[in-house]
Amino acid sequence: MSKMLNEICDMLDGYTGRDKIIRTLCYTTKLASGLYAQSDPGRAKKLAIFSSKMSQTRATLRLFDDLPMLAYSLSYGCGSKEPDRWMGLIGFVTNLIDHAYYPVDKICWLIEHNLLNVENPTRWDTINSILWVASIYLNLMNQAFRMLLIKQRMEAISILRLSLDLVHAGSTLPKGMLWGGRFQTWHVGLIGSISSLLGLYQYVAKKRIVKQSS
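About the cut-offs
- Residues numbered from 1 in each chain as written.
- Predicted model: local features only at pLDDT ≥ 70, side-chain atom pairs only at ≥ 80, totals over all residues.
- Heavy atoms only, no water.
- Helix = DSSP H or I, 4+ residues; strand = E, 2+ residues; numbered from the N terminus.
- Buried < 20%, exposed > 50% of the residue type's maximum accessible area, 1.4 Å probe, protein only.
- Domains from an automatic or database assignment.
- Buried area = accessible area lost by both parts, 1.4 Å probe.
- Salt bridge = Lys/Arg side-chain N within 4 Å of Asp/Glu carboxyl O.
- Polar contact = N/O pair within 3.5 Å; in protein donor to acceptor, adjacent residues only side chain to side chain.
- Core = buried A, V, L, I, M, F, W, Y, C linked by side-chain atoms within 4.5 Å.
- Contact = heavy atoms within 4.5 Å.
- UniProt positions renumbered as here; feature names shortened; annotations may be inferred.
- Patch = residues over 30% accessible without salt bridge, like charges linked within 9 Å, V, L, I, M, F, W, Y side chains within 5 Å.
- Areas by Shrake-Rupley, 256 points an atom, 1.4 Å probe, with all protein chains shown as cover.
- Axes fitted to C-alpha atoms, helices over the stretch in contact; angles between N-to-C directions.
- Parallel < 35°, antiparallel > 145°, perpendicular 65-115°, else oblique.
- Nonpolar A, V, L, I, M, F, W, Y, C, P; charged D, E, K, R; others polar.

### Topic: unusual backbone geometry
Only a minority of non-glycine residues have a phi that is not negative, and only a minority of peptide bonds are not trans.
Logical step 1: Notably, Asn114 is not glycine yet its phi reads approximately 60 degrees, a positive angle.
Logical step 2: You can see Asn114 is positioned in the loop between α5 (85-112) and α6 (121-171).
Logical step 3: Owing to a relative accessible area of 67%, Asn114 belongs among the exposed residues under this scheme.
Logical step 4: With phi around 50 degrees, Leu178 is a residue other than glycine that occupies positive phi space.

### Section: the domain arrangement of the protein
Logical step 1: When its domains are assigned, the protein resolves into domain 1 (1-62) and domain 2 (64-213).
Logical step 2: Once you take the C-alpha centre of each, domain 1 and domain 2 turn out to be 30 Å apart.
Logical step 3: Approximately 660 Å² of surface area, both sides summed, lies buried where domain 1 meets domain 2, with 39% of it carried by carbon and sulfur atoms.
Logical step 4: On the domain 1 side of the contact with domain 2, Gln56, Thr60 and Arg62 bury the most area, a combined 68% of that side's loss.
Logical step 5: For the pair domain 1 and domain 2, the number of links is 1 salt bridge.
Logical step 6: Between domain 1 and domain 2 we count 6 residue pairs in polar contact (both at pLDDT 80 or more) in total.

### Thoughts on the nonpolar core
Logical step 1: Core analysis: the largest hydrophobic core is formed by 9 residues, namely Met69, Ile90, Ile97, Tyr101, Tyr102, Val104, Cys108, Leu131 and Leu138.
Logical step 2: Residue assignment for this core shows that the elements contributing at least two residues are α5 and α6.
Logical step 3: Val104 has contacts with Trp124, Ile127, Asn128 and Leu131, leaving out every residue within four places of it along the chain.

### A look at the UniProt feature "transmembrane region" (unreviewed entry) in the protein
Logical step 1: Residues given the UniProt feature "transmembrane region" (unreviewed entry) here are residues 185-204.
Logical step 2: The distance from the first to the last C-alpha atom of residues 185-204 is 28 Å, and the span holds 100% helix and 0% strand.

### A few points about a nonpolar patch on the surface
Logical step 1: A cluster of nonpolar side chains, contributed by Trp86, Leu89, Phe92, Val93 and Leu96, occupies part of the molecular surface with about 440 Å² of accessible area.
Logical step 2: Locating Leu96 in the fold gives a position in helix α5.

### Some thoughts on the packing of helix α1 (residues 2-13) against helix α2 (residues 15-35)
Logical step 1: In contact at an axis separation of 5 Å, α1 and α2 are set at 105 degrees when each is read in the N-to-C sense. The orientation of α1 relative to α2 falls into the category roughly perpendicular. Facing Met11, Leu12 and Asp13 of α1, the residues of α2 in contact are Tyr15, Gly17, Arg18, Lys20 and Ile21.
Logical step 2: Split into classes, the residues belonging to the contact of α1 with α2 amount to 4 nonpolar, 1 polar and 3 charged.

Shown next, in the form of structure tokens:
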């Protein structure tokens, strides 16, 4: 119980964690509102109001995302640190779209709170949604490229490890069969050690990938 409480407090202590909790509250109450729409309209209305307030809270907090986004974009640059040039290009374009999204999002916020009058408010909402969709799509593509590269690397390591295991296994055969009996003790030790180290690396890497994706 204490560990769970500490984890929740850690999430609430930072912007990202707090945003995830607010987002969860926003959409779970929206879901509940829809489920109660027919059976209990009064409760459904209250849940809808709460969901709307949570959404407005997230929109207000996003007003301060420009500088952190700028700092991230400057550190990312043109994506030269990415393992693949296409990943770097997609990341760079995604950052440009995000920089366009935040000003538009602010305009939508000002319009919603009657602080800015425009001829066609719906147009700004549409532009905002298009930029949001484009950003998510490019992030999805970049993540897919990243996982593909990781998968290719892990498969290459698996091929090398299994090849070493095959060599090791063949050396245990009787003399005259394949390369059985031809290796000295240190040969077998070296092959087994390399295979084992590769196996350990894969084990740790897979746990890290699972942790990052959760």
